[in-house]
Amino acid sequence: MPNELIHKELRINSYGSYLRRRFGCRVSKVNVDGGFTCPNRDGSRGTGGCIYCDNSSFSPKGTEAIIPIEAQMADGMAYHRTRLHSSKFLVYFQKFTNTYGPVDKLSDLYRRALDHPDVLGLSIGTRPDSVSDEAIELLTELARDYYICVELGLQSMDDGILDSINRGHNLAEYLDTVERLAGRGIEICTHLIYGFPGETRAGFLKTARLISELPIDSVKLHQLHVVEGTRLAELYRSGTFTPISIDEYVGTICDFLEELPPQITIQRLYGSAPLAIRVAPNWDLKNNQMWYRIVNELRRRGSWQGCRLEAGERRVVNGESV
Ligand code: SF4
């Protein structure tokens, strides 16, 4: 049976439930644009960015750096108060690389966000190669009084894949940054994508084992999708890249969750892009519809997050133990 962290009908330790347990109320994440760029675009680590990246595909309207973050927060909070009846908030620095800048700038932005009485903390999206020791000291100080989560984009643990998608960092840099962040009261989230060219299910499932051995608190997963204006769109149109099927995605994510320790919370299971720039795949699902599809598959299997670890079972995929 699922352990106490996982409701037996939900089958997954959702991040939303975790926040409710931890803070005793409904907590929403409010996106802001802090005016950062990305070292994989400005030339310091690379140019052109990751082959799938178009930041407009993951940036809600109304979060533009030209607008003071206090105004961005006010808009986001009003939306979530009305729509979800949330009373407390985490400010999510999402767009580009949100630790990539002088520590004075980081301190100013983070402290302004935390200044609001209904803000419980921050989520900060960044790359593993862009978290300086000075930034970690700042986050450590803030974490003494607030909830602080650093969201590290790993995407794949395979250096060959990271190279082929022009990611501009490797697994060793991710492991180093996790080690430097650990034990400081800062939560660590890892972003992963499934469906890269040449990626296998067995290869992706190894990531669950890696995450299990690290001090990771939560994960965000989504399928590789193609949006307009990216190198991946060119590869798709030339027939060089074929997106995975929805059944392959759901099956692999269920396998992944079965291998993932139950204490790690799940922040996301699906990625979507605005219709105007979405190229493929066209699954036409909302986030919660994908979530329930995965939960239903776990229910059909009679399984849940971490069940294979609890059973001590080793899984063989495509002839390879993972
Ligand atoms: S690291 Fe993020 S923001 Fe930078 S190019 Fe890649 S996906 Fe885009």
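Procedures and definitions
Residues numbered from 1 in each chain as written. Predicted model: local features only at pLDDT ≥ 70, side-chain atom pairs only at ≥ 80, totals over all residues. Heavy atoms only, no water. Buried < 20%, exposed > 50% of the residue type's maximum accessible area, 1.4 Å probe, protein only. Helix = DSSP H or I, 4+ residues; strand = E, 2+ residues; numbered from the N terminus. Pairing = 2+ DSSP bridges. Right-handed = clockwise from strand over helix to strand, strands pointing away. Expected span 1.5 Å × (residues − 1). Arc of directions from axis to C-beta. Salt bridge = Lys/Arg side-chain N within 4 Å of Asp/Glu carboxyl O. Axes fitted to C-alpha atoms, helices over the stretch in contact; angles between N-to-C directions. Core = buried A, V, L, I, M, F, W, Y, C linked by side-chain atoms within 4.5 Å. Contact = heavy atoms within 4.5 Å.

### Examining the pairing of strand S3 (residues 119-126)
Part 1 of the reasoning: Burial within S3 is extensive, with 7 of its 8 residues counted as buried.
Part 2 of the reasoning: Where strand S2 (residues 88-93) and S3 come together, 5 bridges link them in parallel fashion. Its bridge partner lying in S3, tyrosine 92 is registered against serine 123.
Part 3 of the reasoning: Note on the crossover from S2 through helix H3 (residues 103-114) to S3: the handedness is right-handed.
Part 4 of the reasoning: The sheet contact formed by S3 and strand S4 (residues 147-155) spans 6 bridges and is parallel. Residue pairing for S4: serine 123 is matched across the bridge by cysteine 149.
Part 5 of the reasoning: Taken together, S3, helix H4 (residues 133-143) and S4 constitute a β-α-β crossover, and its handedness is right-handed.

### A look at helix H10 (residues 287-301)
Part 1 of the reasoning: With 15 residues, H10 extends 22 Å between its outermost C-alpha atoms, agreeing within 8% with the 21 Å of an ideal straight helix rising 1.5 Å per residue.
Part 2 of the reasoning: If you check which residues of H10 are buried, you get Met290, Trp291, Ile294, Val295, Glu297 and Leu298. Seen end-on, H10 carries its buried residues on one side only, within an arc spanning 155 degrees. Exposed side chains of H10 directed beyond 90 degrees from the buried face belong to Tyr292 and Arg300.
Part 3 of the reasoning: A positive backbone phi angle near 70 degrees is found at glycine 302, which sits one or two residues after H10.

### Description of the environment of serine 132
Part 1 of the reasoning: Inspection of the secondary structure assignment puts serine 132 in the loop between S3 and H4.
Part 2 of the reasoning: With 83 residues separating them along the chain, serine 132 and proline 215 place their C-alpha atoms 19 Å apart.

### With respect to the environment of glycine 101
Part 1 of the reasoning: Here glycine 101 is to be found in the loop between S2 and H3.
Part 2 of the reasoning: Looking at glycine 101, the relative accessible area reads 30%, which means it is partly exposed.
Part 3 of the reasoning: Separated by 65 residues in the primary sequence, glycine 101 and phenylalanine 36 have C-alpha atoms spaced 7.4 Å apart.

### Focus: the pattern of salt bridges
Part 1 of the reasoning: According to the stated counting rule, one finds 26 salt bridges in the structure shown.
Part 2 of the reasoning: The shortest N-O distance in the salt bridge between glutamate 187 and arginine 22 comes to 3.2 Å. Within this pair, whereas glutamate 187 is found in strand S5 (residues 187-194), its partner arginine 22 is found in helix H1 (residues 15-23), the two being separated by 165 residues in sequence.
Part 3 of the reasoning: The class for arginine 22 is partly exposed, based on a relative accessible area of 43%.
Part 4 of the reasoning: Residues glutamate 248 and arginine 201 are paired through a salt bridge, measuring 3.1 Å at the closest nitrogen-oxygen approach. With glutamate 248 in helix H9 (residues 246-259) and arginine 201 in helix H7 (residues 201-212), the pair connects residues that are 47 residues apart, well separated along the chain.
Part 5 of the reasoning: The network of salt bridges with common partners includes Arg201, Glu248, Asp255, Glu258, Glu297, Arg300, Arg301 and Arg308.

### A word on the sheet that holds strand S6 (residues 218-223)
Part 1 of the reasoning: With respect to topology, 7 strands assemble into an open sheet ordered S1-S2-S3-S4-S5-S6-S8, the strand pairing being parallel. Each edge of the sheet is formed by a strand with only one pairing partner; in this case those strands are strand S1 (27-32) and strand S8 (265-268). Neighbour to neighbour, the strand axes of the sheet diverge by 25 degrees on average, direction disregarded.
Part 2 of the reasoning: Here S5 pairs with S6 via 6 bridges, running parallel.

### Quick word on the nonpolar core
Part 1 of the reasoning: By size, the foremost hydrophobic cluster in this structure holds 66 residues, and its most contacted members are Phe93, Tyr110, Tyr174 and Ile294.
Part 2 of the reasoning: Looking at this core, the element that brings in the most residues is H9, giving 7 residues.
Part 3 of the reasoning: Leave out the neighbours within four places in its chain, and tyrosine 174 touches Pro128, Leu152, Leu154, Thr190, Leu210, Ile211, Leu214 and Ile216.

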